[in-house]
Amino acid sequence: MPTTTSGFFLQCASHGTLELVLPAADTPFGVEHHRREEGSGPWRHVATFASGLGPVDAVSLIQSNFGDPGHLEAVVRAGDRLAEFWCAPSSEPSWSEPRFFAEGAAGDPALIQGGFGGKGNFELVVPHASGGIAHYHRDNDTAELGWRGPVIFGEGLGRFEAVAMIQRVAGAPHGPHARGDGDLEVVARIGDRLVMFWRSPGAGAAWHGPEEVVSGVRGTPALVRSTIGGPGTLELFSPLARVGLARWSRDDGAHGARFRGPTVFATDLGRCEAVSVIESWPLGRIELAVRAEGRIVHAARDGAVWSQRAIVGDASPSPADIPSPGTLPPPATTTNRPPAATTSRPPAATTSRPPASTTSRPPAATTSRPPAATTSRPPPSTSSPPPAPLPTGASPRLRAGPHRAGFRRIGALSLSADACYPDTWPFQGAIYRCPVRSAALLYYPASADGEEAPLSPGGPFPVIAIAHERRLATSAATAGSPAGLAQDYRQLAGVMAHLARWGFVVVAPDLSWLTPDDAPLRRASVLRDALTHLRAGSRGPLLADFARVGLLGHGLGAQAALALALDAACPFDVRALALLAPAGAPERALAIDALAPRPVLVVRGTADPIAAALPAALYDRARAPKHLVTLPGANHFGYTTSLGLAEPLDGHAGLSRREQQAIAMGYLAAFFNGYLRDGHSDLDALSGKASLEGLEAREIPVSAEVPDGAAGS
């Protein structure tokens, strides 16, 4: 999913929508966000953000692997300052507030998500005001997500005006969202010339170049790696010094290979200022967004024919959507590389996508908003409720709740003595050490989505502490696991955001530094430390009602949650315990029967080999009130939403990740609302008396024993 090609135009890897951002031409200034949902439909204005920055000079857009589906991320230049923004790709996107991280920028920036680091660092290049090009990177494997740099290169050539960047893909499938792990390549414009620089992606690597590419250009260029045959073709597009665009290409081989071309086209557009390019799916088509003469034109190449498809902001479908060789001349083609076949790329799967963004809005609703009129585009409402992740008619517990989901990163969590190792702790040939300070993730009911969003009225809210699963070290390198183990406390961010939208404050501390089979009491101490940290904060009492505490544990974390619930010295009133796929040996499990009369929920999956025996054993030993939900086809790590986790020992799920997560979220929300808010009607679905609304057509076995002796199964 991470975008490895820079520009201001992309195709959303999860939804297939086309997304485009551009500086607003007049007040309130900022950045306009436009979208096209269907190939024959209109472009529509969906949001304006960064208005507080005043006039914006340039913006670069990517889709990252943060959130699920991945967030849209933008870097905006206003004057010489750079600020980052993000949002979930929902139907009515809500962009974050700016986070400024650099000064001294000049010209158009280029942003990608590269292959260095476990999560994949953000890489950014931008012309520097004092000459040369500034390279920044954001370390996405840390809780702070801090930007590093700048490293200046090419300063001996003078002042550059624009850049484009791509990451080569070494030993991996090509494509617009392929995981790049090769060299970073930058094409930069100085005067009317384009030159190329490159470097390996590792920390401290030196930039090489310049390599002369072409001349006679202006504006902002674009690079894309085409998948048409063989190892692929590197295609370069740029506005020409006079009118129109030009395309050059070369085989994606060694540095120094000559670019073939140019092929001149789009001269009818007049003087062009910038171009951005993607290879769209499922047809493997090159598509352009061109800024020319004060408008944005969307064009596409079908085989060897270019066609103008739409003008952004036009509320009616463009008649030019039918390819017309007369609209834009075809590019030059080589004899050894055929045009793209319409079947060369399969359509994206629709059943394997995880659920809505874990830190922002849920996925787009199935209904679409009317096209925005081109004469008046009011900013999107910030007070409308978020769209539902499931179709209308689903249970309120499956839909997003009445609040938005704000979140906060905690980077200085103090650890108590009983949470820490005495010095070092050897385990299976590795040495474990406790950190000086630990990290945690906090979600809370908010009036807007995003980091540090304002708190919703109606607090303080019940609080839930989460103990996450601990993966094996071998799973960090497994396909689909972009993040290292130190990021595992974000595993259930989707669950956290869903509970926050239903009026709960949810905190998950980092437990990754503990050994995989560590005693549950040590993990429970870290869970207690996170609640203590939250209560001691200046905003803690405003956020959370510590007289109504629930615990949730996943996998090995379930034993930690149970241990804290059974701790007689715990300073918090733990009133409800949910165990999600609890793992471990049944004979080593704690005496769960001592939890009564406090309720317990056990959720298990029939395709979960990691938590095969313990869930049923815990339920059998527990005393009423107790509830057991069995999800047919659910595996162990399918509940995780923000890291794209894969575990080599996990089973093959019969449910899509989205279905597995949504169903689990529905039962968890009903359980905590029933026992932390006395929402007794929510407990019918957990007691075998009724189906969870929206799931009537599914056979989901539910067993329960409640205090009055009634049971359901």
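Residues numbered from 1 in each chain as written. Predicted model: local features only at pLDDT ≥ 70, side-chain atom pairs only at ≥ 80, totals over all residues. Heavy atoms only, no water.

1. Observations concerning the pairing of strand 34 (residues 600–605)
Within a regular beta strand, the side chains point alternately toward one face of the sheet and then the other, so they alternate between its two faces.
Next up, step 1: Of all six residues in strand 34, five are buried; the element is thus mostly enclosed.
Next up, step 2: Pairing of strand 34 with strand 35 (residues 626–631) involves six bridges; the strand directions are parallel. Following the sheet pairing, Leu 601 is matched in strand 35 by His 627.
Next up, step 3: As a crossover connection, the stretch from strand 34 through helix 5 (residues 614–621) into strand 35 is right-handed. (Buried < 20%, exposed > 50% of the residue type's maximum accessible area, 1.4 Å probe, protein only. Helix = DSSP H or I, 4+ residues; strand = E, 2+ residues; numbered from the N terminus. Pairing = 2+ DSSP bridges. Right-handed = clockwise from strand over helix to strand, strands pointing away.)

2. A look at helix 6 (residues 657–676)
Next up, step 1: The end-to-end C-alpha separation of helix 6 is 28 Å, in line with the 28 Å expected for 20 residues at 1.5 Å each.
Next up, step 2: Of all 20 residues that make up helix 6, 18 are buried, and the element is covered over most of its length. (Expected span 1.5 Å × (residues − 1).)

3. Details of the pattern of salt bridges
Next up, step 1: Under the criterion given, the structure shown has 21 salt bridges.
Next up, step 2: Notably, a salt bridge pairs Glu 37 with Arg 44, separated by 2.7 Å at the nearest N-O pair.
Next up, step 3: Judged by its relative accessible area of 31%, Glu 37 falls in the partly exposed class.
Next up, step 4: With relative accessibility at 5%, the residue Arg 44 sits in the buried group.
Next up, step 5: Between Glu 212 and Arg 193 there is a salt bridge, with the nearest N and O atoms lying 2.4 Å from each other. Highlighted residues: Glu 212 in strand 16 (residues 208–215) and Arg 193 in strand 15 (residues 193–199), separated in sequence by 19 residues. (Salt bridge = Lys/Arg side-chain N within 4 Å of Asp/Glu carboxyl O.)

4. Some remarks on unusual backbone geometry
Next up, step 1: The step from Gly 209 to Pro 210 runs through a cis peptide bond, and the omega angle for that step is 10 degrees.
Next up, step 2: Secondary-structure assignment places Pro 210 in strand 16.
Next up, step 3: Across the junction of Gly 459 and Pro 460, the peptide omega takes the value 0 degrees, indicating a cis bond.
Next up, step 4: Summarising the element assignment, Pro 460 is placed in the loop between strand 29 (450–451) and strand 30 (461–467).
Next up, step 5: Here the phi dihedral of Phe 29 falls at roughly 60 degrees; this positive angle occurs in a residue that is not glycine.
Next up, step 6: Turning to its location among the elements, Phe 29 is positioned in the loop between strand 2 (18–23) and strand 3 (31–36).
Next up, step 7: Overall, the relative accessible area of 25% leaves Phe 29 in the partly exposed class.
Next up, step 8: The phi dihedral of Ala 266 falls on the positive side, at around 60 degrees, and the residue is not glycine.
Next up, step 9: By secondary structure assignment, the location of Ala 266 is in the loop between strand 20 (260–265) and strand 21 (272–280).

5. Some details on the packing of helix 2 (residues 520–536) against helix 4 (residues 556–566)
Any two packed helices are characterised by how steeply their axes cross, that is the angle between the axes, and by the distance between the axes.
Next up, step 1: Where helix 2 meets helix 4, the closest approach of the two axes is 8 Å, and the angle between their N-to-C directions is 70 degrees. Judged by the angle between their axes, helix 2 and helix 4 are roughly perpendicular. From helix 2, Pro 520, Leu 521, Arg 523, Ala 524, Leu 527, Arg 528 and Leu 531 reach across to helix 4, where they touch Leu 556, Gln 559, Ala 560, Ala 561, Ala 563 and Leu 564.
Next up, step 2: Looking at the contact of helix 2 with helix 4 residue by residue, the classes come out as ten nonpolar, one polar and two charged. (Axes fitted to C-alpha atoms, helices over the stretch in contact; angles between N-to-C directions. Parallel < 35°, antiparallel > 145°, perpendicular 65-115°, else oblique. Contact = heavy atoms within 4.5 Å. Nonpolar A, V, L, I, M, F, W, Y, C, P; charged D, E, K, R; others polar.)

6. Some points on the packing of aromatic side chains
Next up, step 1: Under the counting rule described, the total for this entry stands at 17 aromatic pairs.
Next up, step 2: Consider the rings of Phe 101 and Tyr 136, whose centres lie 6.0 Å apart with planes at 85 degrees: the pair is edge-to-face. Taken as a pair, Phe 101 in strand 8 (residues 99–102) and Tyr 136 in strand 11 (residues 133–138) lie far apart in primary sequence, 35 residues in all.
Next up, step 3: For the ring pair Phe 122 and Trp 147, a centre distance of 6.4 Å and an interplane angle of 50 degrees mean the geometry is tilted. With a gap of 25 residues between them, Phe 122 in strand 10 (residues 122–127) and Trp 147 in strand 12 (residues 147–153) connect regions that are remote in the sequence. (Phe/Tyr/Trp six-rings, centres within 6.5 Å; stacked < 30°, edge-to-face > 60°.)

7. Things to note about the environment of Arg 247
Next up, step 1: Among the structural elements, Arg 247 can be located in strand 19 (residues 245–251).
Next up, step 2: As for Arg 247 and Leu 223, which are separated by 24 residues in sequence, their C-alpha atoms are 9.9 Å apart.
Next up, step 3: Within the structure, Arg 247 has its side chain in polar contact with the side chain of Glu 235 (distance 2.8 Å). (Polar contact = N/O pair within 3.5 Å; in protein donor to acceptor, adjacent residues only side chain to side chain.)

8. Here we look at the sheet that holds strand 6 (residues 72–78)
Backbone-to-backbone hydrogen bonds pair the strands of a sheet. The strands run either parallel or antiparallel.
Next up, step 1: Taken in spatial order, the four strands line up as 5-6-7-8 in an open sheet, and their pairing is antiparallel. Looking at strand neighbours, the two that pair on one side only are strand 5 (58–63) and strand 8, the edges of this open sheet. Between one strand axis and the next, the sheet turns through 25 degrees on average, direction left out of account.
Next up, step 2: Examined bridge by bridge, strand 7 (residues 81–87) and strand 8 share three bridges and lie antiparallel to one another. Within strand 8, the residue paired with Leu 82 across the bridge is Ala 102.

9. Some thoughts on the side chain of Ser 60
Next up, step 1: Along the chain, Ser 60 falls in strand 5.
Next up, step 2: Relative accessible area serves as the criterion here: at 1%, Ser 60 is assigned to the buried category.
Next up, step 3: Here the side chain of Ser 60 touches Gly 7 through a polar contact of 3.3 Å, landing on its backbone oxygen.
Next up, step 4: Not counting residues within four places of it along the chain, the set of residues in contact with Ser 60 comprises Ser 6, Gly 7, Glu 73, Ala 74, Val 75, Pro 109, Ala 110 and Leu 111.

10. Side note on helix 2
Next up, step 1: Helix length check: helix 2, at 17 residues, gives a terminal C-alpha distance of 24 Å against a target of 24 Å (1.5 Å per residue), a fit within 8%.
Next up, step 2: Residues Pro 520, Arg 522, Arg 523, Ala 524, Ser 525, Val 526, Leu 527, Arg 528, Asp 529, Ala 530, Leu 531 and Leu 534 constitute the buried set of helix 2.

11. Some words on the sheet that holds strand 11
Next up, step 1: Pairing within the open sheet is antiparallel, and its four strands lie in the order 9-10-11-12. The open sheet has two edge strands with one neighbour each: strand 9 (110–113) and strand 12. Taking each pair of neighbouring strands and ignoring which way they run, the sheet shows an average axis angle of 20 degrees.
Next up, step 2: The sheet contact formed by strand 9 and strand 10 spans four bridges and is antiparallel. Looking at strand 10, one finds that Gln 113 is bridged to Phe 122.

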